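So you can see what is in the structure, the chains are spelled out below.
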Amino acid sequence: LGAHDTTLADLVTLQQQGITPVVVHGGGPVVTSWLKRQGVEAPFVRGLRTTTVESLNVVTAVLAGLVNTELVAGILSAGGRAIGLSGVDGALIEAHIDDPELGYVGQVTNVRTHVLETLLAGGYLPVVSTVGYNPTAEGTPNTLNLNADTVAGEIAAALGSDRLVFLTDVEGVMDRDGRVLPHLTPPDARRL
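Each value, and the rule that gives it
- Residues numbered from 1 in each chain as written.
- Predicted model: local features only at pLDDT ≥ 70, side-chain atom pairs only at ≥ 80, totals over all residues.
- Heavy atoms only, no water.
- Phe/Tyr/Trp six-rings, centres within 6.5 Å; stacked < 30°, edge-to-face > 60°.
- Lys NZ or Arg CZ within 6 Å of the ring centre and 35° of its normal.
- Helix = DSSP H or I, 4+ residues; strand = E, 2+ residues; numbered from the N terminus.
- Expected span 1.5 Å × (residues − 1).
- Contact = heavy atoms within 4.5 Å.
- Buried < 20%, exposed > 50% of the residue type's maximum accessible area, 1.4 Å probe, protein only.
- Axes fitted to C-alpha atoms, helices over the stretch in contact; angles between N-to-C directions.
- Parallel < 35°, antiparallel > 145°, perpendicular 65-115°, else oblique.
- Left-handed = near helix turned anticlockwise from the far one by under 90°.
- Nonpolar A, V, L, I, M, F, W, Y, C, P; charged D, E, K, R; others polar.
- Salt bridge = Lys/Arg side-chain N within 4 Å of Asp/Glu carboxyl O.

J.: Whenever I open this one, the packing of aromatic side chains confuses me. Can you help?
T.: What describes a pair of aromatic rings is the distance from one ring centre to the other and the angle between the planes of the rings. Per the counting criterion, the structure on display carries 0 aromatic pairs. Arginine 81 extends its terminal NZ or CZ atom over the ring of tyrosine 124, reaching a point 4.1 Å from the ring centre.

Written out as structure tokens, the structure reads:
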């Protein structure tokens, strides 16, 4: 969020109009900065950050701590009502490791909408960081790093949402040569 970004104020305006958004956030650039500060390597495979136990600690601290708290504080400062939580809280987002090559990166298997519905019914805007709960983590961490775009889609689907809005610094879907595709049909997306 930049100095001239109105996103948090816009969320508060929606909330004041009776529209109840759920905010799902990542924090890739902040995570990258903190990984560098800590001297922790986390290479990318097929555009996704790999996650070791060491980098998972940094990811969890940054997403569920620093970024989440800053977003909630910003919403509160703008006059809104918000509660921050991670996918681990209340086992909101269950996930499992789908691709061992990525390490402790999870694929969403279940969204407990009751947690979100309770907050929404209480007049709060849930702000969800993308650290998920791994209930089948025999001998491995019970937390997993999750892709924010995927989590947003899974939460929207689980809640039966009318709209899903992405705010991102990513230019768009790119072809193999790195050019942004001006439009994308469902068959094109499946092919990619």
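J.: Help me understand unusual backbone geometry, please; the structure alone is not making it clear to me.
T.: Glycine aside, residues mostly have negative phi angles, and peptide bonds mostly take the trans form. With a phi close to 50 degrees, alanine 91 is a non-glycine residue in the positive phi region. For alanine 91, the location among the structural elements is in the loop between strand S4 (82–86) and strand S5 (93–97).

J.: Help me understand helix H5 (residues 148–159) in this model?
T.: Side chains that are three or four residues apart share a direction in an α-helix, a result of its 3.6 residues per turn. Taking 1.5 Å per residue as the helical rise, H5 with its 12 residues ought to reach 16 Å, and the 16 Å between its terminal C-alpha atoms agrees with that figure. Next to the buried residues of H5 lie strand S1 (23–25), S5, strand S6 (106–111), helix H4 (113–121) and strand S7 (125–129). Looking one or two residues beyond H5, the residue adopting positive phi is glycine 160, at roughly 65 degrees.

J.: What am I meant to see in the environment of aspartate 10 here?
T.: Relative to the assigned elements, aspartate 10 resides in helix H1 (residues 7–16). For aspartate 10, a relative accessible area of 40% translates into the label partly exposed. Remark: the alpha-carbon pair of aspartate 10 and isoleucine 75, spanning 65 residues in sequence, is separated by 9.5 Å.

J.: How do you make sense of the packing of helix H2 (residues 28–38) against helix H3 (residues 53–77) when you look at a structure like this?
T.: Put simply, H2 and H3 touch, their axes get as near as 10 Å, and they point 130 degrees apart. In terms of orientation, H2 lies oblique with respect to H3. Here H2 and H3 pass one another in a crossing that is right-handed. When H2 is examined against H3, the residues Val30, Val31, Trp34, Leu35 and Gln38 are found in contact with a partner set consisting of Ser55, Val58, Val59, Val62, Leu63, Leu66 and Val67. Each residue belonging to the contact of H2 with H3 can be placed in one class, and the counts come to 10 nonpolar, 2 polar and no charged.

J.: Looking at this structure, how should I read the pattern of salt bridges?
T.: Side-chain pairs of opposite charge can arise whenever the charged atoms involved come near each other. Following the criterion strictly, the structure yields 6 salt bridges and no others. Where aspartate 177 meets arginine 179, a salt bridge forms, and the shortest distance between an N and an O atom there is 3.2 Å. A residue is classified by how much of its surface remains accessible, and arginine 179, at 51% relative accessible area, is exposed. Connected through shared salt-bridge partners, Arg46, Asp99 and Glu101 make up one network.

J.: Where do I start with the packing of H1 against H3 in this structure?
T.: Pairs of packed helices are described in terms of their axes, by the angle between the two and the distance that separates them. Contact pair H1 / H3: the axes reach a minimum separation of 9 Å and the direction vectors enclose 60 degrees. One finds that H1 runs oblique with respect to H3. For the pair H1 and H3, the sense of crossing is right-handed. Between H1 and H3, the contacting residues are Leu8, Leu11 and Val12 on the first element and Leu71, Gly74 and Ile75 on the second. Of the residues assigned to the contact of H1 with H3, the class counts are 5 nonpolar, 1 polar and no charged.

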